[in-house]
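Descriptive structure summary
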Amino acid sequence: MESRLHISGDTHDVFNQASPFSNRNLYDNDIPLRELLSPKIGTIASRLSELGKTLSQPEWIKKGFQANENTPVFHSHNRFGQRTDTIEFHPAYHELMALAITNEIHAYPWTHPNEKHRHFVRMGMFYMHSQNEAGTGCPISMTFACIPAISKTPKIAKEWLPRILGNQYDPNNMVFSEKKGLTIGMAMTEKQGGTDVRANTTQAVDMGNGCYELTGHKWFCSAPMSDAFLTLAQTDEGLTCFLVPRWKPDGTKNNIHIQRIKNKLGNKSNASAEIEYRKAFAEILGEKGRGVPTIIEMVGLTRYDCMIGSSALMRRAVSEVIHHISQRKVMGRLLLEQPLMQNVVADMCLESEAALVMTARAAQCLESEDDIAEQLLMRLLMPVGKYWICKRAMQLAGEAMECWGGNGYVEESILPRIYREVPVNSIWEGSGNVQCLDILRALGKHPDILAVFFSEMDKAKGMNSIFDKYLRKLKIEIPHTLHQPFLARRLAEQLAKGFQAAQLLLADKSLVADAFCEARLKHQGLQFGNLPDGIFTEKIIQRHHMG
Ligand SMILES: Cc1cc2nc3c(=O)[nH]c(=O)nc-3n(C[C@H](O)[C@H](O)[C@H](O)COP(=O)(O)OP(=O)(O)OC[C@H]3O[C@@H](n4cnc5c(N)ncnc54)[C@H](O)[C@@H]3O)c2cc1C
């Protein structure tokens, strides 16, 4: 009798469950994003709106799930015993990659060099794409970020850039010259040191014809199906940057052996491999012995992308939470209307928007290549932003699951995926401490950098008394911490919160900016939901509600 009832499904009505979050255009319905970008990017907004619509559709949301549930499979050999070193991805992964590349998320600022707000356009697209599926962001980001390094060597740039910058996704495993589109990876980290790349032991032997052979291992090499890897290896003149193609120019397979792919906490759709170079063919990028300066710009841009990626994941979590609490009743009342939940969620909204404006300010710096002050600002903003936004995303992702209650802990919601995804942005491309130490390095190396950072914050002076007080105190305190690694996290946090407050004030969003100043510069609770009395929580939540 019991099983018959189950089969017929007529034991109970299902009610008080939220609908799936879909068909909310990730551009049109996102007020903070739209307000930030639309005045700048003009008619190109329609392009973002189109992408935002696509990504919001249930079939594209499903592809994100499929790509993560059907993780990449490594094939070392074919059935004839020949080494192949291939990675098999679910079709959804390829579709997500194709969507990103046809929209030029990997290339837009480079293919539209004369467009004033090219980095804003790309930031907006990457922000939306990462909300749906973050794993594809890794190869997209590395491909975007490799351009300055590859451009340093005209011969290689001439051969490779046209296909890297094109908008065709081509997953075929063949020599680069026969492909319609190329993606690029990065192989720096070795077993004995990731942060300390100078400890790399991979050796490069000069073949005397302008080419080198590399022998060694790389402990983390993400997106190992990429068409080439920017690699650091030792030469007689020290650490040097090389381009190591997957196939040699003569059309034979290069000697790159994938050992295995890592079983990771999250970032499941993306393959991260351990690889060995066994006399692998390579060409020098940049100057011999100047490997770190050559690759550093790529690293910088991927760090910036971590800011976008973590801001995006926070945005998605917040959108899902607001959608849920707008429909879910507990004790007969919508969660959205319950004061304590309002406090928690409005606080998360503040964090999400603060991350967005900070990231957008970084995009603006990138657009001013010839402006020394902007470049100095970016030099400091990058480690400050990467550290802080990636850290905050981890806390926010956990809280978002809790807002959903039990359903939030279950894989069918996107929240566990986000929760598992966020730590990677904090770890790779230089982990938290490394970013904080980089802040000290930047401050030590460029005497003007602090003045530039403060002059940016000074623009917001007089707009909020809490901010003014915080800034005054910061200016007194900071010089005492400049040479103290022990205090570097504290320094990073102080700079980040002050900078975010300034950007919110400058964006003229007093609703959010004043609340942020109260919550982050004055009261400073450790958990979300610590907003003091008098904050317009309902209005803040409404602003972030995707409809
Ligand atoms: C999923 C994933 C994918 C990756 N993909 C790639 C890739 O494609 N290519 C690539 O080259 N690398 C890749 N990495 C490697 C990643 O960049 C490194 O793991 C990271 O830079 C840290 O290096 P490590 O693991 O050697 O840790 P370590 O260098 O041993 O650092 C360990 C910890 O010590 C801290 N630390 C370091 N120095 C100091 C100090 N002086 N004072 C205080 N604390 C310090 C660090 O912040 C870190 O928290 C990937 C990593 C992950 C997790």
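Only a predicted model underlies this, so the values are computations on that prediction, with no experimental measurement involved.

**As for the domain arrangement of the protein chain**
- Domains assigned within the protein chain are domain 1 (31-151), domain 2 (176-291) and domain 3 (293-544).
- Summarising the inter-unit geometry, the C-alpha centres of domain 2 and domain 3 are found 34 Å apart.
- For the pair domain 2 and domain 3, the summed buried area comes to about 1,200 Å², and 70% of that belongs to carbon and sulfur atoms.
- The largest per-residue losses of area from domain 2 upon contact with domain 3 belong to Met186, Leu265 and Asn267, which jointly make up 40% of the total buried on that side.
- Where domain 2 touches domain 3, the interface holds 0 salt bridges.
- Viewed at the interface, domain 3 and domain 2 are joined by 5 residue pairs in polar contact (both at pLDDT 80 or more).
- Of all the secondary-structure elements, those providing two or more residues to the side of domain 2 that touches domain 3 are β3 (184-187) and β6 (228-235).
- Split by residue class, the side of domain 2 that touches domain 3 holds 7 nonpolar, 8 polar and 3 charged.

**So, the packing of aromatic side chains**
- A full pass over the atoms with the stated rule returns 6 aromatic pairs.
- Between tryptophan 160 and phenylalanine 176, the aromatic rings sit 4.0 Å apart at their centres with planes inclined by 15°, giving stacked as the arrangement. Here phenylalanine 176 lies in the loop between α10 (154-165) and β3 and tryptophan 160 lies in helix α10, a separation of 16 residues in the sequence.
- Its end group placed over the ring of phenylalanine 144, arginine 122 keeps NZ or CZ at 3.6 Å from the ring centre.
- If you follow lysine 262 out to its NZ or CZ, it ends over the ring of phenylalanine 220, 4.2 Å from the centre.

**Section: the pattern of salt bridges**
- Inspection of the entire model under this criterion finds 34 salt bridges.
- Here lysine 218 makes a salt bridge to glutamate 190, at a shortest N to O gap of 2.8 Å. Here glutamate 190 lies in the loop between β3 and β4 (203-206) and lysine 218 lies in strand β5 (residues 211-222), a separation of 28 residues in the sequence.
- Judged by its relative accessible area of 1%, glutamate 190 is buried.
- Salt bridges sharing partners connect three or more residues here, namely Glu35, Glu353, Lys509 and Arg543.

**Here we look at the site of the ligand**
- Every one of the 21 residues lining the ligand counts as a neighbour, but Met188, Thr189, Gly194, Thr195 and Ser222 are closest to it.
- Within the side chain of threonine 195, a nitrogen or oxygen atom sits 2.5 Å from an oxygen atom of the ligand.
- Protein chains shield 66% of the accessible area of the ligand, which is 980 Å² for the free molecule.
- Those elements that provide at least two residues to the shell around the ligand are β3, β5, α14 (415-427) and α15 (432-445).
- Taken together, the residues of the shell around the ligand sort by class into 10 nonpolar, 9 polar and 2 charged.
- Of the domains in this structure, domain 2 (176-291) and domain 3 (293-544) are the two that each give at least three residues to the shell around the ligand.

Calculation rules
- Residues numbered from 1 in each chain as written.
- Predicted model: local features only at pLDDT ≥ 70, side-chain atom pairs only at ≥ 80, totals over all residues.
- Heavy atoms only, no water.
- Domains from an automatic or database assignment.
- Buried area = accessible area lost by both parts, 1.4 Å probe.
- Salt bridge = Lys/Arg side-chain N within 4 Å of Asp/Glu carboxyl O.
- Polar contact = N/O pair within 3.5 Å; in protein donor to acceptor, adjacent residues only side chain to side chain.
- Helix = DSSP H or I, 4+ residues; strand = E, 2+ residues; numbered from the N terminus.
- Nonpolar A, V, L, I, M, F, W, Y, C, P; charged D, E, K, R; others polar.
- Phe/Tyr/Trp six-rings, centres within 6.5 Å; stacked < 30°, edge-to-face > 60°.
- Lys NZ or Arg CZ within 6 Å of the ring centre and 35° of its normal.
- Buried < 20%, exposed > 50% of the residue type's maximum accessible area, 1.4 Å probe, protein only.
- Near = heavy atom within 4 Å.
- Areas by Shrake-Rupley, 256 points an atom, 1.4 Å probe, with all protein chains shown as cover.

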